[in-house]
Amino acid sequence: MARKNGAVGPRRAGASGYAQRVSQSFERARFVLPSSLEEELGAALWAAGTLGLETRGGATGTMVIDAWFADGTLREDAFRHWRTRGVTVTQETVASQDYLAAYRAQAQPIDIGERFRIDPRDVDDDVDAANPCGGASAARGERFGLHIPARVAFGTGSHETTRLVLRLLETTHLDGGRVLDIGCGSGILSFAALRLGAREVTGFDLDTPSALVAGQNAALNPWPRQPRFYAGRLDALVMTARFDLIAVNVLPMRIRDDLPRLAQALAPGGRVLSAGALTTERDTMLASWAAVGLTAEAEAIEGEWIGFVLAGGDRARGDLVRGERAP
Ligand SMILES: C[S@@+](CC[C@H](N)C(=O)[O-])C[C@H]1O[C@@H](n2cnc3c(N)ncnc32)[C@H](O)[C@@H]1O
């Protein structure tokens, strides 16, 4: 059945410079139909591969359905036969809107912790020229610059929880470690982990566009090693995968069910950096972590948000926080 007033439209995308290369258009088919045909047409549209439907009332006894399709996937006359049943059909290509263009145009780079400078503006063609604070200068103790244009994916450094994890990352000796970034959003934590010495980083996000944006952000931030990003869930990883550090900046209710599997994916001596909970949720969060065998070694607060460094019982094989990694 078609969704009433469904807000399942196209996602926002960018407009200029780098953003232009990743922007999208969509095909919109608009139907004005007798209300009695709503269910039948809705089912036909889902079967035809719509990305989503928006429905609203029309004149008495009629309604309007907008069906969105990926650009280039709809034949010009795809729904002609509905006309014989009293349905008006129009099709057009719609360029996606870029709601964050104005923000990017006036935004300024943000310094976070001691080591990072995050630039949420658009990047024009010459990435190297626009990235003056890359590896060489950062090696001299200056900040690592990361280009994370503000788009659909969460994680441009403007939110307290991202800043919390970046700060906690800076206190962690990552040299040669394997890192998992759960809910990678823009990929910001993955890029930061590599710059702080991680050997290998895997990031993933339930939200497919975020995982795609993270991959595109990798191209904007050249580095000898790049993270591997995927769209999906924790249980897509092989059961034997183990990580020295797991960063998870996700709302508690969204990650609760994954905590047992997360704890299992932690290598002996490894650490979890967790954020996404409010300070008022501290005790509940600590209880959830304790239930999977992890206890907090350190806490940090930004505004109303709290973050933790957590460890399991087995600390004998190394201590990333103190920089004594297991061989
Ligand atoms: C607060 S954002 C964090 C983004 C980025 N890591 C940062 O620190 O700025 C949380 C992200 O987690 C994703 N997410 C939520 N629940 C998830 C889950 N169970 N597994 C994977 N990703 C999830 C969301 O889609 C969102 O992109």
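The structure this text deals with has already been given above.
Let me begin by describing the structure that accompanies this report. Predicted model only: the values in this text are computed from it and were never measured. (Residues numbered from 1 in each chain as written. Predicted model: local features only at pLDDT ≥ 70, side-chain atom pairs only at ≥ 80, totals over all residues.)

A count of helical and extended segments in the protein chain gives 10 helices and 14 strands. A burial count over the protein chain gives 37% of its 327 residues as buried. Partitioning the contacts of the protein chain with sequence separation of at least 6, the portion at a separation of at least 24 is 71%. (Helix = DSSP H or I, 4+ residues; strand = E, 2+ residues; numbered from the N terminus. Buried ≥ 20, exposed ≤ 12 C-beta atoms within 10 Å, placed from the backbone. Contact = placed C-beta atoms within 7 Å.)

Our next topic: the pairing of strand S8 (residues 178-182). Where burial is concerned, most of S8 is hidden: four out of the five residues are buried. Sheet topology note: the S8/strand S9 (residues 200-205) ladder contains five bridges and is parallel. Within the sheet, the bridge partner assigned to Leu 180 lies in S9 and is Thr 202. Regarding the hand of the β-α-β motif, the stretch spanning S8, helix H6 (residues 188-195) and S9 is right-handed. Two elements, S8 and strand S11 (residues 243-249), share four bridges in a ladder whose sense is parallel. Of the residues in S11, the one forming a bridge with Asp 181 is Ala 247. (Pairing = 2+ DSSP bridges. Right-handed = clockwise from strand over helix to strand, strands pointing away.)

On to the environment of Ala 290. Mapped onto the secondary structure, Ala 290 falls in helix H10 (residues 282-291). Separated by 22 residues in the primary sequence, Ala 290 and Gly 312 have C-alpha atoms spaced 9.1 Å apart.

The next thing to look at is H6. For H6, a buried count of eight out of eight residues is recorded, marking the element as mostly surrounded by other parts of the structure. Within the span of H6, buried status applies to Ile 188, Leu 189, Ser 190, Phe 191, Ala 192, Ala 193, Leu 194 and Arg 195. Taken from the residues just after H6, Gly 197 is the one with a positive phi, measuring 115°.

So, about the site of the ligand. Close to the ligand lie 22 residues, the nearest being Gly 155, Thr 162, Gly 183, Gly 185 and Arg 254. At the level of secondary structure, the elements contributing two or more residues to the shell around the ligand comprise helix H5 (160-170), H6 and helix H8 (252-255). The biggest single contributor to the shell around the ligand is H5, with three residues. Looking at side-chain class alone, the shell around the ligand contains nine nonpolar, eight polar and five charged residues. (Near = placed C-beta within 6 Å. Nonpolar A, V, L, I, M, F, W, Y, C, P; charged D, E, K, R; others polar.)

If you walk across this open sheet you meet the seven strands as S10-S9-S8-S11-S12-S14-S13, and the pairing is mixed. At either margin of the open sheet sits one strand with a lone partner, and together these are strand S10 (228-231) and strand S13 (295-302). Neighbour-to-neighbour, the strand axes of this sheet turn through a mean angle of 15°, independent of strand direction. The strands touched by H6 are S8, S9 and S11; relative to S9, the strand with the most contacts, the crossing angle is about 175°. (Axes fitted to C-alpha atoms, helices over the stretch in contact; angles between N-to-C directions.)

One open sheet accounts for three strands, arranged S5-S6-S7; its pairing is mixed. The open sheet has two edge strands, strand S5 (110-112) and strand S7 (144-147), and neither has a second partner. Taking the axes of each pair of neighbouring strands and ignoring which way they run, one obtains an average angle of 25° across the sheet. Sheet analysis places strand S6 (residues 116-119) next to S7, joined by four bridges and oriented parallel. Bridge assignment links Ile 118 to a residue of S7, and that residue is Leu 146.

Next up on the list: the environment of Gln 91. Positionally, Gln 91 belongs in strand S4 (residues 88-95). Spatially, the C-alpha atom of Gln 91 lies 9.3 Å from that of Phe 79, the residues being 12 residues apart in sequence. Sequence-distant contacts of Gln 91, that is, excluding residues within four places in its chain, are made with Glu 27, Ala 29, Leu 74 and Glu 76.

Once that is clear, we can look at helix H7 (residues 208-220). Over its 13 residues, H7 extends 19 Å from the first C-alpha to the last, a length consistent with the 18 Å expected when each residue adds 1.5 Å. Of the positions making up H7, those classed as buried are Ser 210, Ala 211, Val 213, Ala 214 and Asn 217. Viewed end-on, H7 has its buried residues packed into an arc of 160°, placing them on one side of the element. Looking at the buried residues of H7, the elements they touch are S9 and S10. (Expected span 1.5 Å × (residues − 1). Arc of directions from axis to C-beta.)

A word on the nonpolar core. In this structure, Ala 193 and Ile 246 are the most contacted members of the largest nonpolar core, which totals 57 residues. With near-sequence residues (within four places) excluded, Ile 246 lies in contact with Leu 180, Ile 182, Leu 262, Ala 265, Leu 266 and Val 272. By size, the runner-up hydrophobic cluster in this structure holds 12 residues, among which are Phe 31, Leu 41, Met 63 and Leu 74. (Core = buried A, V, L, I, M, F, W, Y, C linked by C-beta atoms within 7 Å.)

Put simply, side chains in a regular strand alternate between the two faces of the sheet. Counting buried positions along strand S12 (residues 266-278) yields 10 of 13 residues, so the element is predominantly enclosed. Where S11 meets S12, six bridges bridge the pair, whose relative direction is parallel. From the neighbouring strand, Asn 249 faces S12, where its bridge partner is Ala 275. Sheet topology places S12 next to strand S14 (residues 305-311); six bridges connect them, and they run antiparallel. Of the residues in S14, the one forming a bridge with Leu 273 is Val 309.

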